[in-house]
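Structural overview for review
These are the residues of each chain, in order.
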Amino acid sequence: MSQHSLTSAPAKALVPMAGEAGVLKHLWWNFADTYIVMKRNLMYFVREPQLLIFATVQPIMFLVLFTYVFGGVISFSTGGDYINYLMPGIVIQSIIFASSNTTVGLSLDLSRGMIDRFRSLPMSRAAVLAGRTAADTVRGFFTISIMLMAGYVIGFRFADWGTGLAGLLLAVAFGYAFTWISATIGLLVKDPEAAQVAGFIWLFPLTFASSIFVPTRTMPDWLRTFAENQPVSIVAGTVRELMTGTVNPDGIATSLAWIIGIVVVFMPLAVRQYAKVASR
Amino acid sequence: MPQNESIIADNVVKHFGDIKALDGVSLAAETGKVLGLLGPNGAGKTTLVRILTTLLKPDSGRVVVGGLDVLRQKQRVREIIGLAGQYAAVDEILTGRENLVMVGRLYHMPRHIAKQRAAELLEQFALTDAADRSVKTYSGGMRRRLDLAASMVARPNILFLDEPTTGLDARARIAMWETIRELVSDGTTLLLTTQYLEEADELADLIVVIDHGRVIAEGTADQLKANMAADFIDITVANPLQVAQASELLRPLSSEAPQTDDQRGHVVLSVESGVQSVAEVVRLLDGEDIHIAELNLRRPTLNDVFLSITGEAIIEEEAKPKRRGFGRRRSA
Ligand SMILES: Nc1ncnc2c1ncn2[C@@H]1O[C@H](COP(=O)(O)OP(=O)(O)OP(=O)(O)O)[C@@H](O)[C@H]1O
Ligand SMILES: [Mg+2]
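Bear in mind that the values here come from a model prediction, so they are computed numbers and not experimental data.

Turning to the overall build of chain B, a few remarks are in order. Helix and strand counts for chain B come out as 12 helices and 14 strands. Judged by the C-alpha coordinates and their principal axes, chain B covers about 80 × 45 × 40 Å. Expressed as a percentage of the 332 residues in chain B, the buried residues total 53%. Taking as baseline every contact in chain B between residues at least 6 positions apart, the subset at least 24 positions apart corresponds to 68%. Across chain B, the centroid of the 39 positively charged side chains sits 11 Å from that of the 47 negatively charged ones.

Let us now look at the coordination of the magnesium ion (ligand 2). Residue and element names in this part refer to chain B. Surrounding the magnesium ion (ligand 2) are the protein donor atoms Thr46 (OG1) and Gln86 (OE1), at 1.8 to 2.1 Å. Here Thr46 is found in helix H1 (residues 45-52), whereas its partner Gln86 is found in the loop between strand S6 (81-84) and helix H3 (96-106), with 40 residues between them in sequence. Take Gln86: its relative accessible area is 12%, and that puts it in the buried class.

What follows is about the site of ligand 1. Close to ligand 1 lie 17 residues, the nearest being Gly42(B), Lys45(B), Thr46(B), Thr47(B) and Gln86(B). Chains contributing residues to the immediate surroundings of ligand 1 are chains A and B. A distance of 3.1 Å separates an oxygen atom of ligand 1 from a polar atom in the backbone of Ala43(B). Within the side chain of Thr47(B), an N or O atom sits 2.5 Å from an oxygen atom of ligand 1. Isolated, ligand 1 exposes 630 Å² of accessible area, and the fraction of that covered by the protein chains is 75%. At three residues, H1(B) tops the list of elements feeding residues into the shell around ligand 1. Across the shell around ligand 1, the residue classes tally to five nonpolar, seven polar and five charged.

On to the sheet that holds strand S1 (residues 5-16) of chain B. All names here are of chain B. Sheet architecture is open: four strands sit in the order S2-S1-S4-S5, paired in antiparallel fashion. On the outer flanks of this sheet lie strand S2 (19-30) and strand S5 (68-69), each paired with one strand and no other. In the sheet, strand S4 (residues 60-65) pairs with S5 via two bridges, with the strands oriented antiparallel. Bridging from a neighbouring strand, Val64 pairs with Asp69 of S5. In the packing of H1 onto the sheet, contacts are made with S1, S2 and S4, and the angle to S1 comes to roughly 120°.

All right, on to the domain arrangement of chain B then. Segmentation of chain B into domains returns domain 1 (5-225) and domain 2 (229-299). The C-alpha-based centres of domain 1 of chain B and domain 2 of chain B are spaced at 41 Å.

Axis angle and axis distance: for two packed helices, these are the angle between their axes and the distance between the axes, and together they describe the pair. All names here are of chain A. One way to put it is that helix H5 (residues 101-111) packs onto helix H7 (residues 127-153) with a least axis distance of 10 Å and a crossing angle of 140°. In terms of their interaxial angle, H5 and H7 are classed as oblique. Considering only the axes of H5 and H7, their crossing is right-handed. Mapping the contact onto sequence places Asn101, Thr102, Gly105, Leu106 and Asp109 in H5 and Leu129, Arg132, Thr133, Asp136 and Arg139 in H7. Residues of the contact of H5 with H7, tallied by class, amount to two nonpolar, four polar and four charged.

Summed over all chains, the structure comprises 27 salt bridges over all chains. Between Asp147(B) and Arg117(A) there is a salt bridge, with its nearest N and O atoms 2.6 Å apart. One end of the pair, Asp147(B), is in helix H5 (residues 140-151); the other, Arg117(A), is in helix H6 (residues 114-119), on a second chain. Each member of the pair Asp147(B) and Arg117(A) is classed as buried. For Asp136(A), the salt bridge identified is with Arg132(A), shortest N-O distance 4.0 Å. On the criterion of helical spacing, the pair formed by Asp136(A) and Arg132(A) is a turn pair, its members being four residues apart in helix H7.

Now for empty space enclosed by the protein. Residues and elements named next belong to chain B. Inspection of every chain in the model, using the stated rule, returns six cavities of 30 Å³ or more. The space that makes up the second largest cavity amounts to roughly 70 Å³. As for the second largest cavity, its lining consists of 10 residues, and the residues nearest its centre are Phe232, Glu256, Ala257, Gln259 and Ser270. Those elements that provide at least two residues to the lining of the second largest cavity are strand S13 (266-271) and helix H11 (302-310). Broken down by class, the residue content of the lining of the second largest cavity amounts to five nonpolar, three polar and two charged.

Turning next to the sheet that holds S6(B). Residue and element names in this part refer to chain B. As summarised here, the arrangement of the six strands in space is S6-S7-S8-S3-S9-S10, forming an open sheet in which the pairing is mixed. Only two strands of the sheet have a single neighbouring strand rather than two, namely S6 and strand S10 (214-219). On average, each strand axis in the sheet is inclined to that of its neighbour by 15°, with strand direction left out of account. Here five bridges tie strand S9 (residues 206-211) to S10, and the two strands are oriented antiparallel to one another. Bridge pairing links Val208 to Glu218 in S10. Sitting on the sheet, H1 is in contact with strand S3 (34-38), S6, strand S7 (158-162), strand S8 (189-194) and S9, with an inclination near 155° to S8.

Residues and elements named next belong to chain B. In terms of strand pairing, S1 meets S4 through five bridges, oriented antiparallel. Directly across from Asp10, in S4, lies its bridge partner Arg62. Hairpin connection from S4 to S5: two residues lie between these consecutive antiparallel strands, with Gly66 at a positive phi of about 60°.

Turning to H5(A), a few remarks are in order. All names here are of chain A. Most of H5 is tucked away: 10 of the 11 residues are buried. By the burial criterion, the buried members of H5 are Asn101, Thr102, Thr103, Val104, Gly105, Leu106, Ser107, Asp109, Leu110 and Ser111. Gly113 lies just past H5 and shows a positive phi near 80°.

Cut-offs applied
- Residues numbered from 1 in each chain as written.
- Chains lettered and ligands numbered in written order.
- Predicted model: local features only at pLDDT ≥ 70, side-chain atom pairs only at ≥ 80, totals over all residues.
- Heavy atoms only, no water.
- Helix = DSSP H or I, 4+ residues; strand = E, 2+ residues; numbered from the N terminus.
- Buried < 20%, exposed > 50% of the residue type's maximum accessible area, 1.4 Å probe, protein only.
- Contact = heavy atoms within 4.5 Å.
- Lys, Arg positive; Asp, Glu negative; His and termini not counted.
- Charge placed at Lys NZ, Arg CZ, Asp CG, Glu CD.
- Donors = N, O, S within 2.8 Å, 3.2 Å for Na, K, Ca; no water.
- Near = heavy atom within 4 Å.
- Polar contact = N/O pair within 3.5 Å; in protein donor to acceptor, adjacent residues only side chain to side chain.
- Areas by Shrake-Rupley, 256 points an atom, 1.4 Å probe, with all protein chains shown as cover.
- Nonpolar A, V, L, I, M, F, W, Y, C, P; charged D, E, K, R; others polar.
- Pairing = 2+ DSSP bridges.
- Axes fitted to C-alpha atoms, helices over the stretch in contact; angles between N-to-C directions.
- Domains from an automatic or database assignment.
- Parallel < 35°, antiparallel > 145°, perpendicular 65-115°, else oblique.
- Left-handed = near helix turned anticlockwise from the far one by under 90°.
- Salt bridge = Lys/Arg side-chain N within 4 Å of Asp/Glu carboxyl O.
- 1 Å grid on protein atoms, 1.4 Å probe; cavity = no way out; pocket = protein on both sides within 12 Å on 5 of 7 lines; lining within 4 Å.
- Points joined across faces, edges and corners; volume = space filled by probe spheres on them.

Have a look at this one:
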């Protein structure tokens, strides 16, 4: 079809009919729609950079404070430079907290009628959730990249760039898995104000009762059992190994298993809850 | 499928828990005509619109839009309809133009066509000057117009507007009516919900009145008015304490009990012939020393029609009008 006939075509030709399209075309539209929704969500960070700045400044503050305040004491038990212990942990913490943005974002879209608008369009049904989780993962990636740069300034070093970047990738994948938990919560809570709290309150026990900031050795037994076996510690441990140049296939396998497990459980939960909430 | 009716709801029932939001609603909008769905708060208007636009599944009933079964061909239906919901669903962070381009892209228009269509719509809805400003800076009326523009991106033949003028001031409302009239002049079928009776009167070819999830009246504005008494006499008594007494005195002049408002001292009387009855009203009230502060003779409005069929509920609702925000939280 020529450019000209498209622009001057009668009203109907403006919108291609999905019913007439093949499977490939459908697949393509799934991606295209997800991309459009993702871009729209990312605009929030471009237009309101203070959101991103706060999301970045806070973990950097943590990083600097922990390094200089506790660094001296903790280095005894981590056996080495605390910054190299802490950095991968803070990376995991930041990417997880970035994921919690999904909760608030979805509840806002629901309450403001954006979800209704999307659902009244002949777009891919998966795109609203997929675009949201993708955007928050990109945002998380951006945050931890800046953090790593800040860490570099105060002495953090990848032992090996190859494994270091693999660790970064693993952290981003973990963050992506967590966006699906956050999506499920956002769709359960619905109310944006409640979502503000519900979005990240559950992250505190997960991040503090873990090996992110300090080794678990000194924790009481009951806490230690939890702290050593929960996914945040496991993935943080693997990321730490990768960033310090160690490849531990078992750790990587367990971490990947957690990531895949979380996605496999929470993606369908979120999708189901989405269908339920949106058409209530 | 009969193509002369673009929107058909047949015995649609919808419960929310114990609440019966729709209790067997049937209606049909002729192709190219405007159907006004009129009802007070909580009547079920939004629920019906959401069902007709694929957003909500009814418990039972049949819904056909543009010849397509809404329950079975959701995606096809979405290709041919436009919806502007009760709360302006536009993205605050994006500019007006970006909002429209995004919608166009989600209709799977090529980028240059989506852009061109956005520019056309911005022009049509007088938003060109604000096109590249973030929607956050828009007034309520501008958001409404942008929302309406978004519903028109794909030039739908069938359009649903849920309370398009609620929250607008009088001037913006009249401008919106003008816009809507232009939209439907080219053969678009429109279902429009409203709480404003004059709005249905102004815009709709056919009016369906619903209350408590049921259709309670249906017809053109004139047909609905035809069932009414010929004239109304609005009386304001000087001493509101005498309202009951006045109402009793005047009762024999009318086939139905006068409507009263104790607080304001209003008595509204429906009569066969206003001119003849006015003298009688004055004589009766004077005889009992009830002073008349104000007296008006008028033809019935759609408002009277509405009052006479929905009863007191609407009077209460109108006494405390509900303010609506835009882009605000849905009140559950
Ligand atoms: N999601 C929901 N959950 C529970 N009840 C609901 C829900 N949506 C609507 N209702 C109830 O269903 C009834 C009809 O609501 P609906 O929103 O359709 O009314 P409406 O005519 O649009 O009113 P308004 O003029 O206030 O917009 C009301 O009693 C309302 O409380
Ligand atoms: Mg409503």
